[in-house]
Amino acid sequence: MAPYDVLDVSRYVIKYSNERDYGISNLKLQKVLYFIQAYFLTNTENGTPCFRERIEAWDFGPVVPEAYREYKQYGSTNIPTMLSFFDFDVEDIWNSERKLYRTDIISETDGKLINEVVDKFSDFSATDLVTLTHNQAPWKEAYVPHMNNEITVEAIKRYFNE
């Protein structure tokens, strides 16, 4: 049950997007994560966030830094489905290990909510989503060039509940 680690949500979104032949770049993933968070905050009991990591207001719209860093190597190309990933131990790199991607991390109920958001934005380009988010109060109020200010859960709830 939510809230999840944003990388687990990202892997789920990428896998689902690729299964549907939508494709998803890092830029588009960042905007989709923002909309997933908004959807969970406004459509679940108690407004539970989907993931615990913060969303920041960057030049090209909302970004979850952990997810951005994980997938930046793909540039503007579509991110492939991951069958495994490295779980790095920042305290002791020798304890890092390759883990298989598990599809059961996201509950079936939460997966359906995530799928709804991914389906809704599947026909939007990354640029369309940048434009869309640039016109919304949560990003506009948080954005200061090169400051990476947080787009708060409260700001997202307030905007999407109006």
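Presented here is a report on the structure given in the accompanying data block. Just so you know, the residues in each chain are numbered from 1, in the order the chain's sequence is written. Where totals are concerned, whole chains, interfaces and linings use all residues; where local detail is concerned, this predicted model gives features only for residues with pLDDT of at least 70, and gives and counts side-chain atom pairs only at 80 or more. For the side-chain quantities, the full set of heavy atoms in the structure was used; hydrogens and water were omitted.

This part takes up a nonpolar patch on the surface. Residues forming no salt bridge and having over 30% relative accessible area are the ones grouped into patches, like charges within 9 Å of each other and nonpolar side chains (Val, Leu, Ile, Met, Phe, Trp, Tyr) within 5 Å. Here, Shrake-Rupley sampling with a 1.4 Å probe gives the accessible areas, and only protein chains in the shown set may cover a residue. Salt bridge, as applied in this entry: a Lys or Arg side-chain nitrogen positioned within 4 Å of an Asp or Glu carboxyl oxygen. Residues Phe 88, Ile 93 and Trp 94 make up a contiguous nonpolar surface patch of about 450 Å² in total accessible area. Helix and strand labels come from DSSP, where a helix needs a run of H or I of at least four residues and a strand needs a run of E of at least two; each type is numbered from the N terminus. Along the polypeptide, Trp 94 turns up in the loop between strand S3 (84-87) and strand S4 (97-100). We classify Trp 94 as exposed; its relative accessible area is 77%. Under the scheme applied here, a residue whose accessible area is under 20% of the maximum for its type counts as buried, over 50% as exposed, and between as partly exposed, the area being computed with a 1.4 Å probe on protein chains only.

Attention now goes to unusual backbone geometry. For Asp 21, which is not glycine, the phi torsion reads 60° and is therefore positive. If you trace the backbone, Asp 21 turns up in the loop between helix H1 (6-19) and helix H2 (26-43). Look at Asp 21 and you get exposed, because its relative accessible area is 70%. One non-glycine residue, His 146, lies in the positive phi region at around 65°. In this structure, His 146 sits in the loop between helix H6 (137-142) and strand S5 (150-151). Note on His 146: relative accessible area 68%, which makes it exposed.

Should DSSP find at least two bridges between two strands, the strands are taken to pair. Pairing of strand S1 (residues 55-58) with S5 involves 2 bridges; the strand directions are antiparallel. The residue bridging Ile 55 from the neighbouring strand is Ile 151, located in S5. Note that S1 and strand S2 (residues 61-63) share 3 bridges and pair antiparallel. Note on S2: the bridge partner recorded for Trp 58 is Gly 61. The hairpin turn running from S1 into S2, its antiparallel successor, is 2 residues long.

The strands making up a sheet associate through backbone hydrogen bonding, with each pair oriented either parallel or antiparallel. Pairing in this open sheet of 3 strands is antiparallel, and the strands run S2-S1-S5 from one edge to the other. The two strands at the open ends of the sheet, each matched to only one other strand, are S2 and S5.

In this section: the nonpolar core. By nonpolar core is meant a set of buried Ala, Val, Leu, Ile, Met, Phe, Trp, Tyr and Cys residues that side-chain atoms within 4.5 Å join together. By size, the foremost hydrophobic cluster in this structure holds 39 residues, and its most contacted members are Val 9, Val 13 and Ile 114. When residues of this core are traced back to their parent elements, those giving at least two are H1, H2, S1, helix H3 (65-71), helix H4 (108-120) and H6. The element best represented in this core is H2, accounting for 9 residues. Ignoring any residue separated from it by four or fewer positions in sequence, one finds Ile 114 in contact with Val 9, Tyr 12, Val 13, Ile 36, Phe 40, Cys 50 and Ile 106. Contacts between residues were defined by any pair of non-hydrogen atoms, one from each residue, lying within 4.5 Å.

So, on to the packing of H2 against H4. Interhelical geometry of H2 versus H4 gives an angle of 130° and a closest axis separation of 9 Å. Considering the angle they form, H2 stands oblique to H4. Crossing angle aside, the handedness with which H2 passes H4 is right-handed. Contacts between H2 and H4 involve Val 32, Phe 35, Ile 36, Tyr 39 and Phe 40 from the former and Asp 110, Leu 113, Ile 114, Glu 116, Val 117 and Val 118 from the latter. Within the contact of H2 with H4, the residues separate by chemical class into 9 nonpolar, no polar and 2 charged. Working convention: axes come from line fits to C-alpha atoms, limited for helices to the stretch in contact. Angles between N-to-C directions cover 0 to 180 degrees. Our angle categories are set so that under 35 degrees counts as roughly parallel, over 145 as roughly antiparallel, 65 to 115 as roughly perpendicular, and the remainder as oblique. Two helices cross in a left-handed way if the nearer one is turned anticlockwise from the farther one by less than a right angle. They cross in a right-handed way if the turn is clockwise. Three classes are used, and their members are as follows: Ala, Val, Leu, Ile, Met, Phe, Trp, Tyr, Cys and Pro are nonpolar, Asp, Glu, Lys and Arg are charged, and the others, Gly among them, are polar.

Scope: geometric values only; no functional claims are made or implied.
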